[in-house]
Amino acid sequence: MHNLLKERLSGYAPRQLALDYPEAGILVPITDNHRHPEMVFTLRSSNLNTHRGQVSFPGGKRDVTDVSLAATALRETHEEIGLPPDQVQIVAPLSQVMSRYGILVTPYVGVIPGDHPLEANPEEIESIFRVPLEFFLEDRRERTDALDFLNHTFYVPCYRWERYQIWGLSAVVLVDFLNAVYDAGIDLLEPPSSNSLRTGV
């Protein structure tokens, strides 16, 4: 799986945002099952100050001791879901995204063992779940949200997997991954043809 992702991301040029904001690194974990790879998400605790009760990727703000944002992503992943850094094969960064709380986020695609036990840190994470990549490639979105950023409107899909809603920043990162790796052709700049559009989210 690592070689496949590395090959498909080798010609991808992630977008860098020239913005001076606090930084964070997140991991986009893909299991090493070649036939049926899954993406791992977390549901953040309802006790947190930001993004409470939302689906997200493991990760967080950069610490002064982190040698890189990739190191930030690995450290935070270990803290949040109990996955040691030596169990993650970092493949490549994706495009930077800006959270609505003024954090500049750099995502890193990483391959993880599908059978490694994951344990949610109850102070930060309510639960951990996996979604087959095939589900997203069918683009069975529940709705589309119109989100404004830097004088642009982005039309971001919201996906429902069981009781979880994957939307907002996590969905933007997800779509970037699907387009870069699988040529999914999901256009965030064009409104959907259906009437499932929600604005002002």
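Here, residues in each chain are numbered from 1, in the same order as that chain's written sequence. A pLDDT threshold of at least 70 governs which residues receive local features in this predicted model, and a stricter bar of 80 or more applies before side-chain atom pairs are shown or counted, although totals over entire chains, interfaces and linings include all residues. Think of the side-chain values as coming from all heavy atoms in the structure, minus any hydrogens and water.

**A short note on the overall build of the protein**
Only DSSP runs of H or I with at least four residues qualify as helices, and only runs of E with at least two residues qualify as strands; both kinds are numbered from the N terminus onward. A count of helices and strands for the protein gives 4 helices and 12 strands. Atoms counted for the radius of gyration: C-alpha only. Globule rule: 2.2 Å times the number of residues to the power 0.38. Whereas a compact globule of 201 residues would reach a radius of gyration of roughly 17 Å, the protein reaches 16 Å, a difference of no more than 12%. Seen along its three principal axes, the alpha-carbon backbone of the protein occupies a region of about 45 × 40 × 35 Å. For the protein, the proportion of its 201 residues judged to be buried stands at 48%. A contact between two residues is defined here by any heavy atoms of the two lying within 4.5 Å. Expressed as a percentage of contacts within the protein between residues at least 6 apart in sequence, the contacts between residues at least 24 apart total 65%. The Shrake-Rupley method, run with a 1.4 Å probe, gives the accessible areas here. Residue values count only the displayed protein chains as cover. Here the protein has roughly 10,200 Å² of accessible surface; of this, 47% comes from carbon and sulfur atoms. We call a residue buried when its accessible area falls under 20% of the maximum for its residue type, exposed when it is over 50%, and partly exposed in between, using a 1.4 Å probe and counting protein chains only.

**Observations concerning unusual backbone geometry**
Excluding glycine, a negative phi dihedral is what most residues carry, and trans is how most peptide bonds are arranged. Even without being glycine, D139 reaches a positive phi, approximately 50°. The partly exposed category is assigned to D139, whose relative accessible area is 27%. Backbone geometry at E162 places phi at a positive 55°, although glycine is not the residue there. With respect to the helices and strands, the residue E162 is situated in the loop between β10 (152-161) and β11 (164-166).

**Here we look at the packing of aromatic side chains**
Where two aromatic rings form a pair, the distance of their centres and the angle of their planes describe that pair. The rule is short: rings of Phe, Tyr and Trp, with Trp giving its six-membered ring, pair when the centres are within 6.5 Å, and they are stacked under 30 degrees, edge-to-face over 60, tilted in between. Applying the stated criterion across every chain, the model contains 9 aromatic pairs. Here F135 and W161 contribute two aromatic rings whose centre-to-centre distance is 5.1 Å and whose plane-to-plane angle is 70°, an arrangement assigned as edge-to-face. Taken together, the residues span a long stretch of sequence, with F135 in helix α3 (residues 133-137) and W161 in strand β10 at a distance of 26 residues. Taken together, F41, F57, F129, F135, F136, Y159, W161 and Y164 form an aromatic cluster joined through their ring pairs.

**Re helix α2 (residues 69-81)**
Between its terminal C-alpha atoms α2 stretches 18 Å, which fits the 18 Å expected from 13 residues at 1.5 Å a residue. In this structure, the buried side of α2 is in contact with β1 (23-31), β2 (38-44), β4 (59-61), β5 (89-93), β7 (104-112) and β8 (125-132). Positioned one or two residues after α2, G82 has a phi angle of 75°, which is positive. To estimate how far a helix should extend, the number of its residues minus one is multiplied by 1.5 Å.

**Digging into the pattern of salt bridges**
One speaks of a salt bridge when a side-chain nitrogen belonging to Lys or Arg is within 4 Å of a carboxyl oxygen belonging to Asp or Glu. The full count for this structure, using the stated rule, is 10 salt bridges. In this structure, R75 and E76 form a salt bridge, with 3.2 Å as the shortest nitrogen-oxygen distance. With relative accessibility at 22%, the residue R75 sits in the partly exposed group. According to the relative accessible area criterion, E76 is buried, its value standing at 10%. By sharing partners, the salt bridges in this structure join D66, R75, E76 and E79 into a single network.

**A short note on the packing of helix α1 (residues 2-9) against helix α4 (residues 168-182)**
Angles run from 0 to 180 degrees between N-to-C directions of axes, and those axes are lines fitted to C-alpha atoms, restricted for helices to the stretch in contact. Contact pair α1 / α4: the axes reach a minimum separation of 8 Å and the direction vectors enclose 90°. Our classification of the angle between α1 and α4 gives roughly perpendicular. Contacts between α1 and α4 involve L5, R8 and L9 from the former and F177, A180, V181 and Y182 from the latter. Considered class by class, the residues forming the contact of α1 with α4 number 6 nonpolar, no polar and 1 charged. Angles are sorted into four bins: roughly parallel if under 35 degrees, roughly antiparallel if over 145, roughly perpendicular if 65 to 115, and oblique for all others. Put simply, Ala, Val, Leu, Ile, Met, Phe, Trp, Tyr, Cys and Pro go in the nonpolar bin, Asp, Glu, Lys and Arg in the charged bin, and everything else, Gly too, in the polar bin.

**Let's talk about the side chain of E76**
With respect to the helices and strands, E76 occurs in helix α2. Those residues in contact with E76 that lie beyond four places of it in its chain are G59, G60, K61 and E124.

**Describing α1**
If you check which residues of α1 are buried, you get H2, L5 and L9. For α1, the buried positions fall inside an angular range of 70° around the axis, keeping them on one side. When the buried face of α1 is taken as reference, the exposed residues oriented beyond 90 degrees from it are N3 and E7. Directions from the helix axis toward the C-beta atoms define the arc.

**A word on the environment of Y155**
By secondary structure assignment, the location of Y155 is in strand β10. A C-alpha to C-alpha distance of 29 Å links Y155 and T77, two positions 78 residues apart in sequence.

**A short note on the environment of K61**
Its place among the elements puts K61 in strand β4. On a C-alpha basis, the gap between K61 and I26 in space is 8.7 Å, while along the polypeptide they are 35 residues apart. What K61 contacts, discounting residues up to four positions off in sequence, is E23, A24, D66, T72, R75, E76 and I103.

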